[in-house]
Amino acid sequence: MSVLVINSGSSSIKYQLVDPDTGEAVATGLVERIGEENGLIRHTYGDRVREIEGPVADHGVGLETAIGLFEEIGPSLTDGAIRAVGHRVVQGGKYFDGPALIDDAVQAKIEELCPLAPLHNPAHLKGIVVARRLLPDVPHVVVFDTAFFQSLPDEAAVYALDRDIAERYEVRRYGAHGTSHHYVSGRVADILGRDDLRQIVLHLGNGASVSAVESGRAVETSMGLTPLEGLVMGTRTGDIDPAVVFHLARVGGMSIDELDTLFNRGSGLKGLTGENDMRLVRSMAAAGDERARTALDVYAHRIVKYIGAYAATMGGLDAITFTAGVGENDADLRADVIGRLEPFGVKINQELNAARSKEPRILSTADSRVAVLVVPTNEELAIARQAMSLV
Ligand code: ADP
């Protein structure tokens, strides 16, 4: 009995058929460049891979083709093979602190929340609408990126903005990547065999965020109203003085849409170096590129600044965990960050840090004052398990 997990983006759909018990990804697939001439659909089942190149008109056509590939390549989705469809949605606003069974009212709420996540929710909604139409006989469950952070105390969630305006426009810290922070912090508690931990989780992928988790409850996170705030990301600024917006509008003559694109798609590592992939930035730095070196310093410095802040707000720290593409794979980044924390007695074993592995692992030395771990995230599995909890 499996769960079909769907992550629908503005021009892509990623899907995985997950066994929620074993955690196995039974089949995976990708629909890319929807609406463009050079679309691509790739479906993988065991060692069978099928690729279809050519225009994919819209999300409906993409998902319909993918469902057809389940029948052609396997495994078949008919005859009750799937127990639920789990949908990832970035923004659940103040309405959802856990997964929800999708009905017309929940779907309408997700639509209502589009202004709070204009780059994400409309794309998720397209996936939900076509998946409900194509797979009408299974329950559909939505898992929100913001849900884990509904527990933030006011002191962390409230911006020091005029109260009436903040309330009218629902401006507050919602966070994002919550499914990953929830899953990873839970794994850390299992691995260390303790629930009463003060943890910092660093989710460093293309998007990047950090959270503070106390005894399983999120108390701080770096993403804010939208996923733009916080750490330096592949293409996003992260924290920046909001007055840069006024300055670039007044003096640079830039429109709000141009600034949105600049901050979300043309900044971060890409803005600093021309590349958003950390591997490329590292090889540029190794070849002596000064801009790439500065970018790596800005990236690590920002992380360390957050670790210090969160350790202080929690009144102590038991574990720091790295996850996602950069966090799981970039040993140099981990060594750089932890090296900067050495004055606080945080130490890792360099050999363990350099070893490549797909397994969760502890990197810290026995005498380190804080445990340091790598825990591969698995948002699809977390979504599948949350979906199962409702059906
Ligand atoms: P997304 O946020 O898109 O889900 P991932 O979590 O898959 O992203 O992370 C993707 C990023 O991980 C890539 O952009 C790349 O910079 C980084 N990455 C992957 N492997 C490595 C590696 N070996 N060293 C450094 N960075 C890596």
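Further up the page is the structure itself.
The rules behind the values
- Residues numbered from 1 in each chain as written.
- Predicted model: local features only at pLDDT ≥ 70, side-chain atom pairs only at ≥ 80, totals over all residues.
- Heavy atoms only, no water.
- Axes fitted to C-alpha atoms, helices over the stretch in contact; angles between N-to-C directions.
- Helix = DSSP H or I, 4+ residues; strand = E, 2+ residues; numbered from the N terminus.
- Parallel < 35°, antiparallel > 145°, perpendicular 65-115°, else oblique.
- Left-handed = near helix turned anticlockwise from the far one by under 90°.
- Contact = heavy atoms within 4.5 Å.
- Nonpolar A, V, L, I, M, F, W, Y, C, P; charged D, E, K, R; others polar.
- Salt bridge = Lys/Arg side-chain N within 4 Å of Asp/Glu carboxyl O.
- Buried < 20%, exposed > 50% of the residue type's maximum accessible area, 1.4 Å probe, protein only.
- Pairing = 2+ DSSP bridges.
- Near = heavy atom within 4 Å.
- Polar contact = N/O pair within 3.5 Å; in protein donor to acceptor, adjacent residues only side chain to side chain.
- Core = buried A, V, L, I, M, F, W, Y, C linked by side-chain atoms within 4.5 Å.

(A) The arrangement of the packing of helix H10 (residues 278–286) against helix H11 (residues 290–314) in detail. Direction vectors running N to C along H10 and H11 enclose 125°, while the axes themselves pass 8 Å from each other. Relative to H11, the element H10 is oriented oblique. Pair H10 / H11 crosses with left-handed handedness. Contact with H10, carried on its side by Met278, Val281, Arg282, Met284 and Ala285, involves Ala292, Arg293, Leu296 and Tyr299 of H11 and no other residues of that element. Classifying every residue of the contact of H10 with H11 by side-chain character gives 7 nonpolar, no polar and 2 charged.

(B) Here's a closer look at the pattern of salt bridges. Under the definition given, this model contains 20 salt bridges. Residue Arg194 is joined to Asp318 by a salt bridge in which the shortest nitrogen-to-oxygen separation is 3.9 Å. With Arg194 in the loop between helix H6 (178–192) and strand S9 (198–204) and Asp318 in the loop between H11 and strand S12 (319–323), the pair connects residues that are 124 residues apart, well separated along the chain. Linking Asp297 and Arg340 is a salt bridge whose minimum nitrogen-to-oxygen distance equals 3.3 Å. On the criterion of sequence distance, the pair formed by Asp297 in helix H11 and Arg340 in helix H13 (residues 331–340) is long-range, its members being 43 residues apart. Here Asp297 falls in the partly exposed class, since its relative accessible area comes to 41%.

(C) View of the sheet that holds strand S10 (residues 208–214). The 6 strands are arranged S11-S10-S9-S12-S14-S13 in an open sheet whose pairing can be described as mixed. Taken across any chain shown, the strands that pair with only one partner, and hence form the sheet edges, are strand S11 (217–221) and strand S13 (361–362). Each of S9, S10, S12, S13 and strand S14 (371–374) touches H6; the most contacted strand, S9, lies at about 130° to it. In the packing of H13 onto the sheet, contacts are made with S9, S12, S13 and S14, and the angle to S12 comes to roughly 155°.

(D) Expanded view of the site of the ligand. Every residue near the ligand is listed here: Gly205, Asn206, Gly207, Asp277, Met278, Arg279, Ala324, Gly325, Val326, Asn329 and Asp330. Here an oxygen atom of the ligand sits 2.9 Å away from a polar atom, N or O, in the main chain of Asn206. Taken together, the elements giving at least two residues each to the shell around the ligand come down to H10 and helix H12 (324–329). The biggest single contributor to the shell around the ligand is H12, with 4 residues. For the shell around the ligand, a count of residues per class yields 3 nonpolar, 5 polar and 3 charged.

(E) Fine view of the pairing of strand S1 (residues 2–8). Within S1, 6 of the 7 residues are buried, which leaves it mostly tucked inside the rest of the structure. Across 5 bridges, the pairing between S1 and strand S6 (residues 82–89) is parallel. If you follow Ile6 over to S6, its bridge partner there is His87. Direction of pairing for S1 relative to strand S2 (residues 13–18): antiparallel, over a ladder of 6 bridges. By the bridge assignment for S2, Val3 is matched with Val18. Here S1 folds back onto S2, and the loop between the two strands holds 4 residues.

(F) Representation of the nonpolar core within the structure. Core analysis: the largest hydrophobic core is formed by 42 residues, its most contacted members being Leu204, Ile320 and Val337. Within the residue set of this core, elements represented by two or more residues are S9, S10, H10, H11, S12, H13 and S14. With 12 residues, H11 is the single largest residue contributor to this core. Counting 24 residues, the second largest nonpolar core, distinct from the first, contains Leu4, Leu17, Ile41 and Ile67.

(G) The arrangement of the environment of Arg340 in detail. Note on Arg340: relative accessible area 30%, which makes it partly exposed. Dropping the residues within four chain positions of it, Arg340 is found in contact with Asp297, Ala300, His301 and Val304. Of note is the side chain of Arg340, whose polar atom sits 2.8 Å from the side chain of Asp336.

(H) Looking closely at the environment of Val375. Among the secondary structure elements, Val375 is positioned in the loop between S14 and helix H15 (379–390). According to the relative accessible area criterion, Val375 is buried, its value standing at 1%. Each C-alpha atom of the pair Val375 and Pro360 lies 4.3 Å from the other, and the pair is 15 residues apart in sequence. Sequence-distant contacts of Val375, that is, excluding residues within four places in its chain, are made with Val184, Arg187, Val188, Ile191, Thr321, Phe322, Thr323, Glu328 and Pro360.

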